[in-house]
Every structure is written in structure tokens, then in C-alpha cells.
Amino acid sequence: MRRVSVLAGILLLLPGALAAQQTAVDTKKEERLQALEERVRALEAQLNALKQELQAVRSDAPGGLGAKLEYAALKLPTLAVAEVAASIAQDPAAQAAAASQLPTYGGASSASKALNPDISVIGNFWGAVGRNAVRPVPTLEFHETEIALQAIVDPFARADFFVSLGREGIELEEGYLTFTSLPAGLVAKVGKMRAAFGKVNGMHNDALPWIDRPLVVENLVAGEEGINDAGLSVSRILPAPKGIFLEATGQIFRGDSENLFQAAQKKDVAYVAHLRGYRDITESTNVDLGFSYARGHSAPFAADSSDVTPDSNTELFGLDATFRWKPLRRAIYHSFLARTELVWSRREQIPFAQHAFGFVTSAEYRLDRRWTIGGRFDRSARFCSADLSMLRPSNACPGRATNVGLTDTGFSALLTYWPSEFSQIRGQYRFARYAEGRDGNELRFQFLFVLGAHGAHPF
Amino acid sequence: MKRFWRGLSVSAGATLVLLVLGTAGAAPAYAADKLYVITTTTDLAALAQEVGGDRVEVESIARGYQDPHFVEAKPSFLLKLRKANLLIVVGLQLEIGWLPPLISQSGNPRIQGPGAAGYLDASQFAQILEIPTGAVTRAMGDVHPLGNPHYWLDPENGRRIARGIQMKLAEMRPADAAYFQQRYDSFAQRLKEAEQRWDVEMNPYRGRKVVTYHRSWPNLAKRLGLNVVDYVEPRAGIPPSPRHTVELIAMMKRENVKVILVEPYFDLKTPQSVAQQTGAQVVVLMPSVGGEKEITDYFKLFDYDVNLLVKAFSAAR
């Protein structure tokens with residue numbers, strides 16, 4: 001009986017136990033299932049998050065990483081490497097050239113060479129045959145070598161240096177810092193510079209349309225050196241009717257410019273003002289007008305001369321006009337340029353002030369890609385000096401303030417040949433009748449050539 | 001008299017100073033709701049207009065029929081540059097002969113060279129060909145040491161440049177970014193369709209040999225499958241010499257080259273003389289938008305040139 005009871009009990013309990021065991025198993029399974037479900041949900045959430053992130057990465061919204069990556073990828077040099085490699089593989093000369101390419105040393109520092117300034121050298125060789133007893137020039141002369149160093153200094157300024165080497169030694173022709181990011185559209189320069197007086201004064205020798213400078217510059221505007229001094233310059237484009245360019249420039253200098261200005265005292269600074277107006281008439285023609293004023297302490301005629309006082313000043317008034325024609329479709333073949341520049345000078349000296357006037361008129365026409373012809377007429381008074389030995393008695397200094405009677409007159413004919421845009425050969429026949437009654441009759445020639453990257457000259 | 005001159009000079013100087021200072025506060029005028037974009041060439045202007053739409057005002061300094069190497073740095077260009085929000089340049093020293101003094105004198109801080117907020121060099125987006133290897137000297141003529149700058153004459157580069165301009169505009173005007181994107185997408189789609197059309201037209205003539213006057217066409221030639229075998233210029237930027245012209249004629253006869261491509265700003269005398277002696281045809285191809293009146297956008301530039309090439313090659317069979 002007992003055995004039956006036990007057996008029955010077991011039989012009765014067994015299902016329960018089994019059921020309980022099954023329940024436990026089911027619970028576990030369910031728990032596992034739930035855990036798995038939660039895990040799947042979590043993974044699903046992560047997947048969605050990643051999808052969204054990927055979408056954002058691919059987004060072209062400004063500032064989006066995808067936009068930045070694509071922008072950067074656009075800028076990667078492409079193809080050229082394969083092209084170069086292919087060309088080298090096919091061209092033995094290119095292979096040899098590539099093999100002979102100079103290695104760069106210094107590793108990381110060699111990249112700094114990219115910040116070196118643009119360097120250029122201009123050679124200006126002169127020659128002359130003929131006769132000129134008043135202002136003689138050597139038969140053959142390497143007249144000038146100009147070395148230019150030009151670069152951007154920082155986001156706010158650039159610097160330009162022009163060092164001139166000639167018979168008289170080495171000098172800094174110009175060296176100035178230009179501030180290009182000033183407010184109100186101002187452009188300021190500080191350093192040593194050619195003054196903005198007229199057109200010719202601002203031109204370097206290599207940019208002249210002639211071999212020499214005209215008589216008005218030699219007599220009244222400090223010769224080849226010109227008004228060239230240490231100082232400050234500020235310019236601004238002014239409001240003007242549509243289509244008209246109007247620019248004002250104001251400059252202050254130390255006050256030393258060759259035989260024109262000399263600062264006897266610290267307060268003897270020189271001033272220059274320039275107003276430029278420009279207008280396009282058509283796409284091929286334009287007119288350029290300028291008004292200039294300069295004032296500084298008079299320089300004595302000679303170092304030991306006493307013809308000026310501490311209050312003696314020299315004033316210059318200038319007017320320049322330029323007409324250009326250059327058809328855009330044939331700009332390298334034909335062009336015409338006519339210019340004139342007038343200068344009035346008033347020089348205070350002992351015992352009286354002198355007035356003088358001079359002008360130059362010239363024109364040049366481009367015949368074809370390589371040849372240009374031109375002509376120049378210039379006439380200028382010359383200030384009389386205490387040294388009368390070179391003068392005829394009839395040309396002696398007048399006894400009162402008046403226009404000087406000493407006048408030089410000149411005429412030139414020019415022919416220029418351009419083997420390429422980096423070199424030129426120029427011939428100039430020059431006739432001059434000087435105030436002393438003597439004539440100069442010369443044929444001059446010039447070889448001009450450029451090495452390196454010389455910056456463009458102002459228009 | 002002395003007092004008179006002194007008074008006159010002081011008055012003139014004071015007037016000038018007052019004039020400069022009095023206008024010192026005047027802000028440059030431009031449409032407040034549009035970006036004012038200046039480009040150096042008409043092609044960049046066309047691409048900027050494509051992606052900029054009515055949110056930009058675009059002007060080009062050079063004309064389409066003008067040699068972009070020899071643009072005069074006229075003061076009238078300063079009036080445009082001083083008010084520009086964005087200056088887009090071709091780069092690779094194409095504008096080195098005239099642009100730097102314009103930028104310096106403009107007094108516009110936004111465009112003062114690479115790194116400035118409103119300066120964009122399009123060459124950074126393009127595939128550049130003919131990058132010199134080995135020593136580079138002027139014995140090679142007016143060589144471009146950084147590669148050939150006429151890269152816009154490949155529609156793929158046009159697409160890349162447009163993309164770069166679109167991103168720059170979006171960076172400058174985030175509120176209009178979606179608009180610029182839409183404009184670019186439309187341009188890219190139309191360009192893709194146009195390229196298919198040009199490919200069909202030019203397919204029969206792939207591999208044809210041509211002579212060009214200057215090295216303006218490597219990108220176009222590569223894209224259209226043309227083989228540039230020589231140049232009318234003996235070196236880049238050097239006028240044709242009698243000796244080189246004789247050698248060119250001999251080569252053209254030997255290689256049966258029947259087409260000479262010339263840019264609109266070069267003299268046709270030597271090319272026509274060569275063509276007469278070789279039985280070839282001179283084709284004045286336009287390198288830029290605006291080269292002819294009917295070339296008013298980037299698409300019409302290729303339509304015009306492909307049409308001329310097809311006619312020339314058809315006649316040369």
C-alpha cells in the first residue's frame with residue numbers, strides 16, 4: 001500500500017515537477033527571448049543612429065563634413081601625376097630631364113622656399129654714337145641692373161624692393177610696404193618711393209618708352225632720379241560719375257630729391273599731391289588725365305653754394321594727359337599711345353624767384369607683334385645758375401623774378417624690336433639744341449632683358 | 001606774390017586732404033541682396049552665373065575674344081574690384097602680367113590674394129595638363145611652370161569648377177546654400193546630356209591630327225580625342241619663324257594634317273599661308289565664352305567649337 005501511495009505521489013507530483021521544470025525552462029527561454037529582443041532593439045537603434053550619422057556625413061549642408069571632404073577632394077591634384085608619368089615613360093628626353101632635376105634639400109624646411117619673394121633682374125645696357133658736349137654719355141655702358149624682390153608680407157600688406165646697380169654704385173631705388181586692407185578703401189605705402197608726380201617721374205628706367213628721360217624731367221624734376229625719397233603715401237578712389245575713375249594721392253617725404261629738394265632742417269619735408277582721372281571711351285580707347293603738385297625746400301645749385309635760404313622753397317605744378325588705343329582682338333599686334341606732360345616750376349632762391357616751364361609730347365605705334373615706332377618732342381627751360389661759364393653773356397641770369405630765358409629743345413625718333421616679351425632692343429635718334437647754343441646729335445641704342453618673375457608695372 | 005603762392009598751395013593741399021578724408025567713410029556700393037562676383041575670364045563668369053543664378057551679379061574683366069595673357073590693367077577695372085565680394089581667378093600664372101597691381105590698388109581687403117575670404121583660385125579644382133617636368137627655363141618660351149592654364153576647355157573641369165564655386169558661394173551665403181546646390185545639380189545634369197551629344201558628334205573624328213597656333217587646347221583635345229601634333233608658334237609666345245614654318249609645312253604634308261586651329265586674337269597670315277601650301281583648313285576656334293556674340297554661356301562655347309570641328313573634319317575627308 002505504501003509503495004502504491006509513494007508511486008501515486010510520485011506520479012501525481014511528477015507532472016507538476018515536470019510542469020514546473022518546463023515553466024522554468026520556458027521562463028528562461030522567454031527571458032532569453034526578451035533579452036534577445038532587447039538586444040535586437042538596441043542594435044536596431046544603433047543601426048538607425050549610424051544611418052542618420054552617415055546621412056549627415058553625406059549631407060551637402062554648409063559646414064557638413066561631407067561637403068568639406070568633397071571640397072578638399074576636389075582640390076587634390078588629379079590626373080597630372082599619371083599624365084606626367086606616362087609622358088616620362090614615353091619620352092627619353094623627359095626621362096633625362098627628370099633625372100637631372102636638381103634635388104631639394106632640407107626636408108620639411110625646403111617647403112619654406114615657397115614663401116620666398118618673386119625675384120627678377122633687369123639688365124639695361126646703353127650705347128651711343130655721335131656728339132653731345134653738354135650732356136655726354138659713355139659710348140658703351142651697362143647703365144643699370146635692377147633687382148626686384150616682391151612678395152606678400154601678410155594678409156594685410158605686400159612689400160616691393162627695387163635695388164639699382166649702376167656706375168654710381170648700389171642704391172635702393174624703391175623699397176616700400178603697401179597696406180592693401182585698410183578701411184574705407186584707403187591704400188597706404190611707407191618706404192622709399194618715386195613720387196606720384198606726373199607720369200614719367202613714377203616710371204622705372206626699364207618701363208620708359210624712350211632710352212633717356214625728356215628734357216623737362218632732367219631740368220625741372222630732378223633728372224633720372226626724380227622725386228624719389230623716403231616717405232608716406234595715401235591714396236583713395238573717389239566717388240565720381242559712372243564710368244569715371246578718380247583717384248587722389250597725398251604724399252609726404254623727408255625732403256631730399258637730388259638737385260630739386262634738400263632738407264636743411266628736420267621741418268623741411270616735401271609734399272606731393274596727385275589727382276588722376278581716367279575714362280574708357282570704348283573698349284579699345286581711353287583717356288587718362290592727371291594734376292600734380294609738389295613742394296619742398298629748394299636744393300642749392302652746388303654743395304657749397306649759398307643761393308638758397310632756410311625759407312627757400314620750390315613748387316612744381318604738373319599736368320599730364322594720355323590717350324591710348326588698343327583693339328582687344330589684336331592687342332599684341334597694334335596699338336597707339338600719345339602722351340603729353342607739362343611742368344611749371346617756381347624756385348625761390350637768392351636774390352629772386354625763378355619761374356620755368358617745360359613739356360614733353362610723344363607718341364608710339366605698334367606696327368606688329370615685334371616692332372614699335374615712336375617720336376618725342378620736348379622743350380624745357382633751365383634754371384640759371386651762379387656758374388655763368390657755360391653761358392653766353394646774352395643768356396645771363398635776369399635781374400628780377402621772371403621766366404628764365406634758358407631753354408633746351410629736343411627731338412627723338414625711336415624704333416623698338418621685341419624678340420620676345422622678355423627682351424627688347426631699342427634705337428633712338430636724339431637731337432637737342434641746348435641753351436648754350438650747342439647741339440647734341442646722337443644715335444643711342446639699348447638692350448633690355450628680364451630674368452625671373454617681374455611684377456607688372458602700374459597702368 | 002609769395003604769400004599768394006603759399007596761400008594757394010596750402011588751400012589746394014587742405015582741399016585735397018578734406019576730399020580724401022570726407023569720403024573716407026563712404027562704403028563701397030553694391031547690391032546688398034546679391035553677391036558681387038568678379039572673374040578674370042568670361043568662362044569663369046559663365047560658370048559662376050550657372051551656379052549663382054539670381055543671387056549673384058557677375059562680371060568678367062577680360063573679354064571672350066581677348067588674349068587673357070595680355071589684358072591691360074586699366075583703372076576702370078579697379079572700380080569693379082573695389083566692390084567685389086568674390087574674385088575668381090584662373091591662376092597658374094595666367095593673369096600674372098596684369099592682375100596683381102589691380103588687386104593691390106583696389107583697396108578691397110576681401111580679395112587680397114590666396115587666403116582672403118573673397119579670393120578663389122579655380123585651378124585648384126581642375127585637372128591640369130602639361131605640367132613641365134625637369135628644368136623650366138624661358139628657352140621654352142612663355143612657359144607656364146605650373147601647368148597649362150586653359151583647363152576650362154574640358155567639360156569635366158567645368159563641372160569641377162562649378163562645384164567649387166557652388167561650395168564657395170554656399171560658404172559665403174549659407175542661407176542660399178540649398179539654392180546654389182539646386183543650381184549646380186541642374187547644371188551638372190544639363191552638362192552630362194550635352195556631353196553625350198558632343199561625344200556622338202565627335203566620335204567619327206577621334207584620333208584626328210591637328211595643328212594649333214598656341215598651346216590653348218590640350219584639355220579640349222584630350223576630351224574630344226584630337227591629336228595635337230604641332231604648333232604654328234615655334235615656342236609658346238614666340239611668333240612664327242620662317243624656319244619653323246617650313247618645317248611645319250613639311251610635317252603636315254607628311255602626316256596628312258588637314259586642320260589648323262587658331263585662337264581669335266592671333267594673326268591669320270601665317271596659318272593661312274601654311275594652309276594654302278598643305279591643303280589644310282584654318283579654323284578660328286573660340287577658347288572662351290563671348291568669343292562670338294552667339295556664345296553666351298558655357299554650353300554654347302562647346303556647341304560652337306564642336307560644330308566648327310565637325311564641319312572642318314567633314315570637309316577634310
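Note: the structure precedes this text.
Quick summary incoming for the structure in this document. (Residues numbered from 1 in each chain as written. Chains lettered and ligands numbered in written order. Predicted model: local features only at pLDDT ≥ 70, side-chain atom pairs only at ≥ 80, totals over all residues.)

**Overview of the overall build of chain A**
From N to C terminus, chain A includes five helices and 17 strands. A total of 459 residues make up chain A; the buried ones form 29% of that total. Long-range pairs, those at least 24 residues apart, make up 55% of the contacts in chain A between residues at least 6 apart in sequence. (Helix = DSSP H or I, 4+ residues; strand = E, 2+ residues; numbered from the N terminus. Buried ≥ 20, exposed ≤ 12 C-beta atoms within 10 Å, placed from the backbone. Contact = placed C-beta atoms within 7 Å.)

**Focus on the environment of R163 of chain B**
In this structure, R163 of chain B sits in helix α5 (residues 155–172). With 21 residues separating them along the chain, R163 of chain B and Y184 of chain B place their C-alpha atoms 6.8 Å apart.

**Examining the packing of helix α6 (residues 177–202) of chain B against helix α10 (residues 298–315) of chain B**
All names here are of chain B. Close contact between α6 and α10 brings their axes to 10 Å; oriented N to C, the two are set at 5 degrees. By the angle class used here, α6 and α10 are roughly parallel. Contact residues: R190, A194, W198, E201 and M202 in α6; F299, F302, V306, L309 and V310 in α10. For the contact of α6 with α10, the class distribution of residues is eight nonpolar, no polar and two charged. (Axes fitted to C-alpha atoms, helices over the stretch in contact; angles between N-to-C directions. Parallel < 35°, antiparallel > 145°, perpendicular 65-115°, else oblique. Nonpolar A, V, L, I, M, F, W, Y, C, P; charged D, E, K, R; others polar.)

**Overview of the nonpolar core**
By size, the foremost hydrophobic cluster in this structure holds 90 residues, and its most contacted members are A48, I88 and I260 of chain B. Each of domain 1 (35–195) and domain 2 (205–315) of chain B gives at least three residues to this core. In this structure I260 of chain B touches V211, V232, P271, V274, A275, A280, V282 and V283 of chain B, once residues within four positions along its chain are discounted. L220, V221, Y293 and V360 of chain A belong to the second-largest nonpolar core, a separate cluster that totals 30 residues. (Core = buried A, V, L, I, M, F, W, Y, C linked by C-beta atoms within 7 Å. Domains from an automatic or database assignment.)

**Regarding the pairing of strand β8 (residues 281–284) of chain B**
Residues and elements named next belong to chain B. With four bridges joining them, strand β7 (residues 259–262) and β8 adopt parallel strand pairing. The residue of β8 that forms the bridge with V262 is V284. Remark: the β7/helix α9 (residues 269–278)/β8 crossover connection has right-handed handedness. (Pairing = 2+ DSSP bridges. Right-handed = clockwise from strand over helix to strand, strands pointing away.)

**Comments concerning the sheet that holds strand β4 (residues 119–121) of chain B**
Sheets are built from strands paired through backbone hydrogen bonds, the pairs being either parallel or antiparallel. All names here are of chain B. Taken in spatial order, the four strands of this open sheet run β2-β1-β3-β4, and their pairing is parallel. With partners counted over all chains shown, the strands left at the sheet margins are β2 (56–60) and β4, one partner each. The sheet shows a mean angle of 20 degrees between the axes of neighbouring strands, taken without regard to direction. Examined bridge by bridge, strand β1 (residues 35–39) and strand β3 (residues 86–89) share three bridges and lie parallel to one another. Each residue of the ladder has a partner; that of I38, found in β3, is L87.

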